[in-house]
Amino acid sequence: MTLRKHWPVLKPVFLSIMALLVFSCKSAKVISDGTVDSRLSSKAVIKSHYQQATDFKTLSGRIKIDYSDGEDSQGFTVSLRMQKDKAIWISAPLGIVKAYITPSRVSFYNKMENQYFDGDFSYLSDLLGTEVDFDVLQNLLMGQAIVDLRNEKYIISISDDTYRLVPKNPGVLFKSLFQIEPKNFKMAVQQLSQPLKKRFLQIRYNNYQSIEQRVLPNEIRILAQQEETENEIMLEFRNLELNKSVNFPYKIPKGFKELVLNKDDL
């Protein structure tokens, strides 16, 4: 059995697994933009980006998700719990849909359809058009680069009051662009593309905020394009708490049928 029949219901929930990238709460203070320093080298900016990586143990809250694929639009709220380097958990109201991600597995189930998926990260990689693993998702959550910028040389310029980085030796099959905020050296924009496969992913962090003396994204827009399809996700986190005790209640109910996710379902 494939996912095609139920994909319109599950797609925004499943996409949100990769897109839990923004954290906000009513008491949070939005951080104003800083001033760029044109004297900084790309190496200095990249070094500062990693030095400013946000440290945390756990986080929990609720996420308002607005999703559109050009034909259908949906808005809903899910609960989020996360333990650094170990687990990401989301639950729709009444636990109708739950998802649980660890460094080795991606799993979710849907009580409305009595079905479940349990597998590796290859499906998420196909969906986003780039290699995805737990570390990539975690970096997205914290406003960090989804590739290791220290492994390549970059040309730096100033664009939209941010530090703009492009590879000194750009690839033909795979292209990337990064814009880094000057005040906190967090990501402003991450952009990956595979022109020959007509794949494009853009993650735009609209602004940042300070929560419990930690800098986290405040608003996020994700745009994923593949050939003729386009998915857009807007996220807002509510009632965020950091470093509280959390658990991850997740067990695939007995009798559920396994979903086989085919590329045709994307």
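Owing to the predicted nature of the structure, the values given are computational and were not obtained by experimental measurement. (Residues numbered from 1 in each chain as written. Predicted model: local features only at pLDDT ≥ 70, side-chain atom pairs only at ≥ 80, totals over all residues. Heavy atoms only, no water.)

Explain the pattern of salt bridges to me, and be specific about the residues and the numbers.
Inspection of the entire model under this criterion finds six salt bridges. Among the ionic pairs, Arg39 bridges to Asp37, the shortest N-O distance being 3.0 Å. Residue class for Arg39 comes out exposed when judged on its relative accessible area of 72%. Here Asp66 makes a salt bridge to Lys64, at a shortest N to O gap of 2.8 Å. Among the residues examined, Asp66 registers a relative accessible area of 34% and is labelled partly exposed. We classify Lys64 as partly exposed; its relative accessible area is 28%. (Salt bridge = Lys/Arg side-chain N within 4 Å of Asp/Glu carboxyl O. Buried < 20%, exposed > 50% of the residue type's maximum accessible area, 1.4 Å probe, protein only.)

Describe the packing of aromatic side chains, with residues and values.
In this structure the tally under the stated criterion is seven aromatic pairs. Note on Tyr100 and Phe248: the rings are 6.0 Å apart at their centroids and 40° apart in plane angle, and the pair reads as tilted. Taken together, the residues Tyr100 in strand 5 (residues 97–101) and Phe248 in the loop between strand 14 (229–242) and strand 15 (257–258) connect sequence positions 148 residues apart. A relative accessible area of 17% means that Phe248 is categorised as buried. (Phe/Tyr/Trp six-rings, centres within 6.5 Å; stacked < 30°, edge-to-face > 60°. Helix = DSSP H or I, 4+ residues; strand = E, 2+ residues; numbered from the N terminus.)

Residue-level account of a nonpolar patch on the surface, with values.
A surface patch of nonpolar side chains, about 440 Å² in accessible area, is lined by Val172, Leu173, Phe174 and Leu196. In this structure Leu173 comes out as exposed when scored by relative accessible area, which is 56%. (Patch = residues over 30% accessible without salt bridge, like charges linked within 9 Å, V, L, I, M, F, W, Y side chains within 5 Å. Areas by Shrake-Rupley, 256 points an atom, 1.4 Å probe, with all protein chains shown as cover.)

Talk me through the nonpolar core; I want residue IDs and the actual numbers.
Counting residues in each nonpolar core, the largest one holds 55 residues, and the members touching the most others are Ile88, Leu149, Ile180, Met187 and Ile203. For this core, the element with the most residues is helix 4 (residues 134–142), which contributes six residues. Those residues in contact with Leu149, other than ones at most four positions away along the chain, are Ile46, His49, Tyr50, Tyr154, Leu165, Phe178, Ile180 and Met187. (Core = buried A, V, L, I, M, F, W, Y, C linked by side-chain atoms within 4.5 Å. Contact = heavy atoms within 4.5 Å.)

So what about helix 4? Which residues, and what values?
In an α-helix there are 3.6 residues to a turn, and that puts residues three or four apart on one side. Among the nine residues that make up helix 4, seven are buried, leaving the element largely enclosed by the rest of the structure. Restricting attention to buried positions, one finds in helix 4 the residues Phe134, Val136, Leu137, Gln138, Leu140, Leu141 and Met142. Among the residues of helix 4, the N-terminal cap falls to Asp133, whose side-chain oxygen and the backbone nitrogen of Asp135 are separated by 3.1 Å. Following helix 4 by one or two positions, Gly143 has its phi on the positive side, about 75°. (Polar contact = N/O pair within 3.5 Å; in protein donor to acceptor, adjacent residues only side chain to side chain.)

Hey, could you go over the side chain of Ser176 for me, with residue numbers and the actual values?
The topology assignment puts Ser176 in strand 10 (residues 175–180). Look at Ser176 and you get buried, because its relative accessible area is 16%. Residues contacting Ser176, with those up to four places away along its chain left out, are Val166, Pro167, Gln191 and Leu192.

How would you explain the environment of Ile146 if you had to name every residue and give the values?
Tracing the backbone through its elements, the reader meets Ile146 in the loop between helix 4 and strand 8 (154–159). Accessibility expressed as a relative area gives 11% for Ile146, which makes it buried. Taking C-alpha positions, Ile146 is 5.1 Å from Val136, a pair spaced 10 residues apart along the chain. Apart from residues no more than four positions distant in its own chain, Ile146 is found in contact with Val136, Leu140, Gln190, Leu192 and Ile203.

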